[in-house]
Amino acid sequence: MKPIIWSKYKLELLDQRLLPVTIEYVKCSNYKDVADAIKSMVVRGAPAIGIAAAFGVVLGALEFIDEDKIEFEKKMQSVFESLASTRPTAVNLFWAISKMKDTLFDCLNLNKDEIIASLEKKAIEILDEDLMLNKKIGEFGASLLPEKCSVLTHCNAGALATAGWGTALGVIRSAKEMGKDIKVFADETRPLLQGARLTAFELMQDGIDVTLISDNMAGYVMKLGLIDAVIVGADRIAANGDTANKIGTYSLSVLAKEHKVPFYIAAPYSTFDLQIKSGDEIPIEERNHDEVRKLFNIEIAPKDVKVFNPSFDVTPNENITAIITDKGVIKPPFIENIKIMR
Ligand SMILES: CSC[C@H]1O[C@H](OP(=O)(O)O)[C@H](O)[C@@H]1O
């Protein structure tokens, strides 16, 4: 199931808000549609929102290509800003936009068709590269796992969060491909239930043994000795290895440390933000309070109750056993060893 489909200058995004009950694609005919889709989480997942934004830039260029050169460049700047303003935490979004900006800068002296073709080529490259990187992450990560292993994961870092295959779930898929006996416990991941709705769905589609648990069960299943490793995705990794990921990841890392369970992050190079020294500098998105007050529009709390809804938290590097990347497995001291990602 592809979360992102680009063909004949049309972008279709699988509406992940409706999964697993309904499989429906949102047609994006302009860059504003793409910005709206990222912000409303039609498409979500750090690499996937970067890829969607890249195609949003192509749609923006198609919209404004007939303007004079100065106007075109002005309009394209607003396209970049609009896409960059959608969600603040996943650095992949800004990485992809910067790649598209560089491509546009390099091809401004070409003719209109060549400009569009160059931007489209770059966006497709970003999509294809992510799939290739996921497979490398999968191989490196699977080699860490024993022949028989039970993995706890959080949120969705699967094919639906990437170009396909997945990062954390890519490790699980690759381990299964290697013939390892892998079982998965998937945290439901309140408030938007990416684990229940997306991870459980993906793994069952692939015939991978998955058990759904509510987030507050994670400590108990570790205490029962049911978990051999925790593997999660990432939205931004700082130069010291501090990692932002879906809210609840930090708590899992504390529980894993308490129960001496290895805690792995899986992420491609586009998730690293080596400009920032630590996780203290990572912007944490806060989302609409009704995401906590309601569950699919059903009120589960007093409608005017105060809410705090951070969409991510930061796991300190000292809680992380290793970071599985497309360039290999990075172990502590992260400050030193993360340099391979430069
Ligand atoms: C492969 S990284 C996916 C990453 O993104 C998710 O956040 P969201 O669903 O809000 O986009 C979550 O943090 C995942 O680990």
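Not measured: the values here are computed from a predicted model. Position labels on residues start from 1 in each chain and follow its written sequence. Only residues with pLDDT of at least 70 get local features here, since the model is predicted, and only at 80 or more are side-chain atom pairs given and counted; chain-wide, interface and lining totals rely on the full set of residues. Excluded from the side-chain calculations are hydrogens and water; all other atoms, namely the structure's heavy atoms, are used.

J.: Looking at this structure, how should I read the sheet that holds strand 11 (residues 272-273)?
T.: Pairing between the strands of a sheet comes from backbone hydrogen bonds, and it takes one of two forms, parallel or antiparallel. For two strands to be treated as a pair, DSSP must find at least two bridges joining them. By definition, any uninterrupted DSSP run of H or I lasting at least four residues is a helix, any uninterrupted run of E lasting at least two residues is a strand, and each is numbered from the N terminus. If you walk across this open sheet you meet the 4 strands as 11-8-9-14, and the pairing is mixed. Of all the strands in the sheet, the pair left with one neighbour each is strand 11 and strand 14 (312-315). Sheet topology places strand 9 (residues 243-246) next to strand 14; 4 bridges connect them, and they run antiparallel. What sits directly across from Ala244, in strand 14, is Val314.

J.: Explain helix 6 (residues 168-177) to me, please; I cannot follow it from the model alone.
T.: An α-helix turns once per 3.6 residues; consequently, residues spaced three or four apart project the same way. Categorising residues by exposure relies on relative accessible area from a 1.4 Å probe, with only protein chains included: less than 20% of the type maximum marks a residue as buried, more than 50% marks it as exposed, and the intermediate range marks it as partly exposed. For helix 6, the tally of buried residues reaches 8 of 10 residues, placing the bulk of the element in the interior. Buried within helix 6 are the following residues: Ala168, Leu169, Gly170, Val171, Ile172, Arg173, Ser174 and Ala175. Gly179 sits one or two positions beyond helix 6 and adopts a positive phi of about 90 degrees.

J.: What's the story with the packing of helix 4 (residues 91-107) against helix 5 (residues 112-142) in this structure? I'm lost.
T.: Angle between the axes and distance between the axes: these two values describe a pair of packed helices. Interaxial distance between helix 4 and helix 5 falls to 9 Å at its minimum, and their mutual angle equals 150 degrees. Taken together, the axis directions place helix 4 and helix 5 in an arrangement best described as roughly antiparallel. The way helix 4 lies across helix 5 gives a crossing that is right-handed. On helix 5, the residues that touch Trp95, Ala96, Lys99, Met100, Thr103, Leu104 and Cys107 of helix 4 are Ile115, Ser118, Leu119, Lys122, Ala123, Ile126 and Glu129. Ten residue types, Ala, Val, Leu, Ile, Met, Phe, Trp, Tyr, Cys and Pro, are classed as nonpolar, four, Asp, Glu, Lys and Arg, as charged, and the remainder, Gly among them, as polar. For the contact of helix 4 with helix 5, a count of residues per class yields 9 nonpolar, 2 polar and 3 charged. Under this scheme, a helix contributes an axis fitted over its contacting stretch, all axes are lines through C-alpha atoms, and angles between N-to-C directions fall in the 0 to 180 degree range. Should an angle fall under 35 degrees it is called roughly parallel, over 145 degrees roughly antiparallel, and 65 to 115 degrees roughly perpendicular, with every other angle called oblique. Helix crossings get a hand from a simple test, with the near helix turned counterclockwise from the far one by less than a right angle marking a left-handed crossing and a clockwise turn marking a right-handed one. By the convention used here, residues are in contact when the closest approach between their heavy atoms is within 4.5 Å.

J.: What exactly am I supposed to notice about a nonpolar patch on the surface here?
T.: Taken together, the side chains of Tyr220, Leu224 and Leu226 make up a nonpolar region of the molecular surface, amounting to roughly 300 Å² of accessible area. Among the structural elements, Tyr220 can be located in helix 8 (residues 218-223). Patch rule: a residue counts if its relative accessible area is over 30% and it has no salt bridge; like charges are joined within 9 Å, and nonpolar side chains (Val, Leu, Ile, Met, Phe, Trp, Tyr) within 5 Å. Method for areas: the Shrake-Rupley scheme with a 1.4 Å probe, in which residue coverage is limited to the protein chains shown. Any Lys or Arg side-chain nitrogen found within 4 Å of a carboxyl oxygen on Asp or Glu counts as a salt bridge.

J.: Quick question: what am I supposed to make of the environment of Ala96 here?
T.: Examined against the element boundaries, Ala96 turns out to sit in helix 4. Among the residues examined, Ala96 registers a relative accessible area of 0% and is labelled buried. Residues Ala96 and Ala123 lie 27 residues apart in sequence; the distance between their C-alpha atoms is 8.4 Å.

J.: Help me understand the sheet that holds strand 4 (residues 148-153) in this model?
T.: Read across the sheet, 7 strands follow the order 6-5-4-7-10-15-16 without closing on themselves; strand pairing throughout is mixed. Looking at the sheet topology across the chains shown, the edges are occupied by strand 6 (209-213) and strand 16 (328-330). Across this sheet, the average inter-strand angle for adjacent strands is 25 degrees, counted without regard to direction. As paired elements, strand 5 (residues 181-187) and strand 6 share 5 bridges and run parallel to each other. Pairing of Val184 across the sheet is with Val210, part of strand 6.

J.: How should I be thinking about unusual backbone geometry in this particular structure?
T.: Negative phi values dominate among residues other than glycine, just as trans dominates among peptide bonds. Note that the residue after Arg190, namely Pro191, is joined by a cis bond; omega there is 0 degrees. With respect to the secondary-structure elements, Pro191 resides in the loop between strand 5 and helix 7 (194-205). Here Pro332 and Pro333 are connected by a cis peptide whose omega angle stands at 0 degrees. With respect to the element layout, Pro333 can be found in the loop between strand 16 and helix 11 (334-337). For Tyr9, which is not a glycine, the phi torsion comes out positive at approximately 60 degrees. Relative to the elements of secondary structure, Tyr9 occurs in the loop between strand 1 (4-7) and strand 2 (10-14).

J.: It is not clear to me how the domain arrangement of the protein chain should be interpreted in this structure. Could you clarify?
T.: Size of an interface, as often reported, equals the accessible area lost when the parts are brought together. Delimitation of the domains relies on an automatic or database domain assignment. The assigned domain composition of the protein chain is domain 1 (4-135) and domain 2 (136-341). Each of domain 1 and domain 2 has a C-alpha centre, and the two are 25 Å apart. Across the contact surface, domain 1 and domain 2 share 1 salt bridge. The salt bridge partner of Glu285 is Arg87, with a shortest N-O separation of 2.9 Å. Here a polar contact means two N or O atoms within 3.5 Å. Within protein one must be a hydrogen donor candidate and the other an acceptor candidate, and residues neighboring in sequence count only if both atoms are side-chain atoms. Viewed at the interface, domain 2 and domain 1 are joined by 26 residue pairs in polar contact (both at pLDDT 80 or more). For the side of domain 1 that touches domain 2, the leading source of residues is helix 5, giving 8 residues.

J.: Mind showing me how you'd approach the pairing of strand 2 here?
T.: Residues in a regular strand point their side chains to alternate faces of the sheet. Pairing of strand 1 with strand 2, which is carried by 4 bridges, proceeds in the antiparallel orientation. Its bridge partner being in strand 2, Ile5 is matched across the sheet by Glu12. Joining the antiparallel neighbours strand 1 and strand 2 is a turn of 2 residues, in which Lys8 adopts a positive phi near 45 degrees.

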